[in-house]
Amino acid sequence: MQYGRLVKKAYWAFGGARFLERASTIIFSTSLERDKAKSQFELPGAEVIPWPVDLVDCSNEQARRDRIRSELGIPEDARVLLYFGRLHSMKQPLETIRAVAKAGDASLHLLMVGNEQDVSLKDCYAVADECGIAGRVHLIGPVYGEAKFDYMMAADAYISLSHRENFNHTAAESLSAGLPLIISPGNDLKGDIADLKCSIGLCDDEQRTASDGVEAFNSLPIQEIREMGGGRQKLFWEWAKKLRMKEMQKKMHF
């Protein structure tokens, strides 16, 4: 209720409240999203059902990884972080570039996949050039369909410094492709994966904290990074158990 507050309050007053009053169950995509709603509203019932995410076929992962890295001129032994999402200030793409630069490892690369919004590819290049890492920041633009998984397989971890994500589908897709995560406090998904040891969770939105998180990732042995990302089957099994669709169908009168 903080963002666009006046419009939301007007909508709530002129009819929005009836949706909750008449509902038997409210569905949320993460536990933290549910908890935030509970702090604002009296909910008649609440269930957490994560957005659907397919398990990625990684049987030809090495070939896809090699192809993308070869096309971009990234050495096989280099560490690669993946930013995957809209180039929007809320998602902090420019701050992500600065965090990689401040981490201080000359072999660390950043893949940036996503369409331009209020941040342009030109803006990203300018900041990368200003930070002296233009040669290690690869600006891909938007990628859709099966091709997006090629870039996930070419990376070693996914990074999101976003201010606000009620789920973050690309983070979940990256987990599905076997990548561990570096995620900001604004990623509500962190509450549901905290016990699975598949992510580096940042405690605040400070630039220093972000670069420390990148450094922490970079200092891990590659085998440990792969083990962090390898728990995806367990993660999606846990999510499947949470669905409890028979109970939901009864509550929602299907």
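Residues numbered from 1 in each chain as written. Predicted model: local features only at pLDDT ≥ 70, side-chain atom pairs only at ≥ 80, totals over all residues. Heavy atoms only, no water.

S.K.: Mind laying out the overall build of the protein chain, listing which residues take part and the relevant values?
M.R.: Counting secondary structure elements, the protein chain contains 12 helices and 8 strands. Relative to its full complement of 254 residues, the protein chain shows a buried share of 48%. As displayed, the protein chain has an accessible area near 13100 Å², and 53% of this comes from carbon and sulfur atoms. (Helix = DSSP H or I, 4+ residues; strand = E, 2+ residues; numbered from the N terminus. Buried < 20%, exposed > 50% of the residue type's maximum accessible area, 1.4 Å probe, protein only. Areas by Shrake-Rupley, 256 points an atom, 1.4 Å probe, with all protein chains shown as cover.)

S.K.: How would you summarise the environment of histidine 163 if you had to cite specific residues and measurements?
M.R.: Structurally, histidine 163 is set in the loop between β6 (157-160) and α7 (169-176). Separated by 23 residues in sequence, histidine 163 and glycine 186 have C-alpha atoms that sit 4.7 Å apart. Filtering out sequence-adjacent residues up to four positions away, histidine 163 remains in contact with Ser89, Met90, Gln92, Gly186 and Asp205. (Contact = heavy atoms within 4.5 Å.)

S.K.: I'd like a rundown of the sheet that holds β6, residues and numbers included.
M.R.: Pairing within the open sheet is parallel, and its 6 strands lie in the order β5-β4-β3-β6-β7-β8. Strands with a single pairing partner mark the edges of an open sheet, and in this sheet they are β5 (137-141) and β8 (199-201). If you compare each strand with its neighbour and ignore which way they point, the axes differ by 20° on average. Bridge count between strand β3 (residues 79-84) and β6: 2 bridges; the pairing is parallel. Within the sheet, the bridge partner assigned to leucine 82 lies in β6 and is tyrosine 158. (Pairing = 2+ DSSP bridges. Axes fitted to C-alpha atoms, helices over the stretch in contact; angles between N-to-C directions.)

S.K.: Go over the pattern of salt bridges, please, and point to the residues and values.
M.R.: Throughout the structure, instances matching the rule amount to 13 salt bridges. One salt bridge connects arginine 34 with aspartate 35, and the closest N-O pair in it is separated by 3.1 Å. On the basis of relative accessibility, which here comes to 22%, the residue arginine 34 falls in the partly exposed class. The class for aspartate 35 is partly exposed, based on a relative accessible area of 38%. Measuring nitrogen to oxygen at the nearest pair gives 2.5 Å for the salt bridge that ties aspartate 150 to arginine 67. (Salt bridge = Lys/Arg side-chain N within 4 Å of Asp/Glu carboxyl O.)

S.K.: Can you tell me about helix α4 (residues 93-103), naming the residues and giving the values?
M.R.: Of all the 11 residues making up α4, 8 are buried; the element is thus mostly covered by neighbouring parts of the structure. Among the residues making up α4, those that are buried are Pro93, Leu94, Thr96, Ile97, Ala99, Val100, Ala101 and Ala103. Buried positions along α4 lie against β3, β4 (108-113), α5 (121-130), β5, β6 and α9 (207-219). Within two residues after α4, glycine 104 carries a phi angle of roughly 80°, on the positive side.

S.K.: How would you sum up the packing of aromatic side chains? Please name residues and give values.
M.R.: Here the structure, examined in full by the defined rule, presents 1 aromatic pair. Directly above the ring of phenylalanine 217 sits arginine 79, whose terminal nitrogen or CZ lies 5.8 Å from the centroid. (Phe/Tyr/Trp six-rings, centres within 6.5 Å; stacked < 30°, edge-to-face > 60°. Lys NZ or Arg CZ within 6 Å of the ring centre and 35° of its normal.)

S.K.: Run through unusual backbone geometry, naming residues and quoting values.
M.R.: If you check the backbone angles, glutamine 92 has positive phi at about 55° while not being a glycine. Among the secondary structure elements, glutamine 92 is positioned in the loop between β3 and α4. In this structure glutamine 92 comes out as buried when scored by relative accessible area, which is 8%. A positive phi angle, near 80°, is found at asparagine 168, a position not held by glycine. Tracing the sequence through the fold places asparagine 168 in the loop between β6 and α7. Here asparagine 168 falls in the buried class, since its relative accessible area comes to 4%.

S.K.: If you had to explain the environment of phenylalanine 217 to someone new, which residues and values would you point to?
M.R.: Examined against the element boundaries, phenylalanine 217 turns out to sit in helix α9. The buried category is assigned to phenylalanine 217, whose relative accessible area is 2%. When the C-alpha atoms of phenylalanine 217 and serine 199 are compared, they prove to be 9.5 Å apart, with 18 residues separating the residues in sequence. In contact with phenylalanine 217, other than residues within four places in its own chain, are Arg79, Val80, Leu81, Leu108, Asp156, Ala157, Ile182, Ile200 and Ile225.

S.K.: Break down helix α1 (residues 5-21) for me, citing the residues and quoting the values.
M.R.: Taking 1.5 Å of rise per residue, the 17 residues of α1 would be expected to cover 24 Å, yet its terminal C-alpha atoms sit only 21 Å apart, more than 12% below that figure. In α1, a bend of some 70° at alanine 13 exceeds every other bend along the element. Restricting attention to buried positions, one finds in α1 the residues Gly15, Gly16, Ala17 and Leu20. In this structure, the buried residues of α1 make contact with β1 (26-28). (Expected span 1.5 Å × (residues − 1). Bend = angle between axes of the 7 residues up to and from the residue.)

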